[in-house]
Structures are given as C-alpha cells and as structure tokens.
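# A closer look at the structure
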Amino acid sequence: MNLDDTGSFTWILEAPHVTELGLAARVKRAVDVVGAWLLLVATLPLLAGAALLVKLTSRGPAFFVQERIGHRCRRFPMLKLRTMVVGAERDEAALAAERPDRVFFKLEDDPRVTRVGRWLRRTSLDELPQLWNVLRGEMSLVGPRPLLVSDFRLYPKSAQLRRFSMKPGLTGLWQVSGRSRLPDERRIELDLEYVDRWSLGLDLRILLRTLPVVLRGDGAT
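The structure reproduced in this document is the subject of the present report. (Residues numbered from 1 in each chain as written. Predicted model: local features only at pLDDT ≥ 70, side-chain atom pairs only at ≥ 80, totals over all residues. Heavy atoms only, no water.)

This paragraph deals with a nonpolar patch on the surface. Side chains of Leu 23, Val 27, Val 31 and Leu 200 sit close together on the surface and give an oily, nonpolar patch of about 320 Å² of accessible area. With 3 residues, helix α2 (residues 23-57) is the single largest residue contributor to the nonpolar patch. Tracing the backbone shows Val 27 in helix α2. (Patch = residues over 30% accessible without salt bridge, like charges linked within 9 Å, V, L, I, M, F, W, Y side chains within 5 Å. Areas by Shrake-Rupley, 256 points an atom, 1.4 Å probe, with all protein chains shown as cover. Salt bridge = Lys/Arg side-chain N within 4 Å of Asp/Glu carboxyl O. Helix = DSSP H or I, 4+ residues; strand = E, 2+ residues; numbered from the N terminus.)

This brings us to the nonpolar core. One recurring pattern in soluble globular proteins is that nonpolar side chains are buried together. Counting residues in each nonpolar core, the largest one holds 32 residues, and the members touching the most others are Leu 81, Leu 120, Leu 131, Tyr 194 and Ile 206. Those elements giving two or more residues to this core turn out to be α2, β4 (75-81), α4 (115-123), α5 (130-135), β5 (140-142), α8 (184-197) and α9 (200-216). The element contributing the most residues to this core is α2, with 6 residues. The contacts of Tyr 194, once residues within four sequence positions are left out, are Lys 28, Val 142, Gly 143, Pro 144, Met 166, Leu 173, Leu 202, Asp 203 and Ile 206. Residues Ile 69, Leu 147, Val 149 and Ala 159 belong to the second largest nonpolar core, which totals 10 residues. (Core = buried A, V, L, I, M, F, W, Y, C linked by side-chain atoms within 4.5 Å. Buried < 20%, exposed > 50% of the residue type's maximum accessible area, 1.4 Å probe, protein only. Contact = heavy atoms within 4.5 Å.)

Tallied over the entire structure, the rule returns 2 aromatic pairs. Ring centres 5.3 Å apart and planes at 65° place the aromatic pair Phe 152 and Phe 164 in the edge-to-face group. Residue Phe 152 is located in helix α6 (residues 149-154), and its partner Phe 164 is located in the loop between α7 (157-163) and β7 (169-171); the two are separated by 12 residues in the primary sequence. The burial state of Phe 152 is the same as that of Phe 164; both residues are buried. When the centroid spacing of 6.1 Å and the interplanar angle of 70° are considered together, the rings of Tyr 155 and Phe 164 count as edge-to-face. Since its relative accessible area comes to 1%, Tyr 155 is described here as buried. We classify Phe 164 as buried; its relative accessible area is 1%. Taken together, the ring pairs in this structure connect Phe 152, Tyr 155 and Phe 164 into an aromatic cluster. Lying across the ring of Trp 174, Arg 187 places its NZ or CZ 4.6 Å from the centre. (Phe/Tyr/Trp six-rings, centres within 6.5 Å; stacked < 30°, edge-to-face > 60°. Lys NZ or Arg CZ within 6 Å of the ring centre and 35° of its normal.)

Have a look at this one:
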C-alpha cells in the first residue's frame with residue numbers, strides 16, 4: 001500500500017489470508033451485525049448517561065470523531081465519547097515528538113484527558129460508540145485496533161499487508177493480553193498472531209476474555 005497524492009492510502013496487493021476466509025468471514029460479519037445491535041440496545045442508557053456526563057463536566061461535544069486507518073488501509077471516521085479537552089489534537093505532534101521511539105502514541109498520564117475522561121477510559125465506556133462503526137462495516141467486534149494516521153506511518157512496512165487484511169476491532173488479542181502495558185513490539189506481534197490464527201473460535205475466546213479485563217481495568221490508561 002502507498003500514500004497517493006491525494007493523501008489516501010491505496011491497497012496494492014491482496015493478502016492471501018483474506019481470500020481464504022470464505023463462509024467463515026460471512027459468519028463473522030453476521031455475528032458483528034447481530035452482536036453490535038444487541039450491545040447497542042443493551043448499553044444505550046449507559047451510553048446516554050456517559051454522554052450527558054461528558055457534556056456537563058467539560059466544554060465541547062459529547063462525542064468525538066477521529067480519522068483512523070482500517071481494512072485495506074482505508075481511512076474512516078471512528079466514533080468515541082470525548083475524553084480529552086477540546087483542541088487536544090493540536091498538541092499531539094509536540095507530545096509525540098517527546099517519544100520518538102514509540103509506534104503507538106498514547107501517554108500514561110496525558111494532561112489533555114479530563115477527569116471524566118479518565119474514568120471513561122478506565123472502564124472502556126468511551127469505546128461504546130464504535131458499535132456504530134461495526135454496524136457500518138468499518139470495524140468488527142474483534143480484530144486489530146484501528147490505527148491513528150500518525151501510528152500508521154510508523155508501523156513496520158513489512159507487517160502492514162498482513163495486519164490490514166482484516167477489519168479493525170472493538171476488542172482484540174492485545175487488548176485482552178495487557179493492553180497499554182505491552183511494549184509496541186509485543187502489540188505488533190499479537191496483531192499479526194491474530195490475523196494468522198484467525199477463526200470464529202478465537203473471536204469467541206477474545207470476546208469472553210474482554211469483559212473480565214474491562215471490569216478489572218487491566219492495563220487501561
């Protein structure tokens with residue numbers, strides 16, 4: 001894949017793994033649609049309450065839309081509950097420059113995160129709006145997490161074809177294996193391990209492990 005003159009990422013080759021999924025891939029999509037609808041309906045009161053809390057405690061909108069890189073390196077607007085102060089993205093380049101050795105940009109004690117935002121991140125409630133991205137077909141319930149554009153530029157080129165052959169997920173293998181505590185190298189390894197080992201059974205195991213991890217707040221920042 002290349003970055004063309006318009007700023008869009010163009011997929012050059014098709015990963016063989018994608019063409020071999022067949023019926024299992026269609027079942028995965030069906031599970032995504034049914035699961036996302038059920039979760040969205042079940043958590044709607046919680047999502048509405050969290051959105052109201054964000055709106056009442058800090059200036060700005062309750063929801064935040066951020067451009068991410070997904071399947072076949074396509075850009076898409078990912079939804080989240082806002083956890084940072086308005087205008088936080090303006091400071092991102094300067095903060096990232098302080099950690100030039102990191103592929104994934106995320107600070108442990110990010111000064112831009114609001115008090116409510118810290119709680120939302122610790123409980124992963126800020127991710128609930130991404131169920132809409134799942135319904136739209138831009139994400140899956142399980143898969144590698146969608147990357148920031150800045151992270152994509154630093155992601156090892158030798159791993160991009162495999163990593164982006166599947167849709168990004170609401171949860172994934174490294175989210176249930178340590179989350180933000182993991183070094184970049186291990187996150188990359190787990191993303192590729194998920195793609196290489198993918199099966200409906202693996203998705204089910206990750207989904208079952210996600211809830212306990214979220215409830216304990218393991219590795220959340």
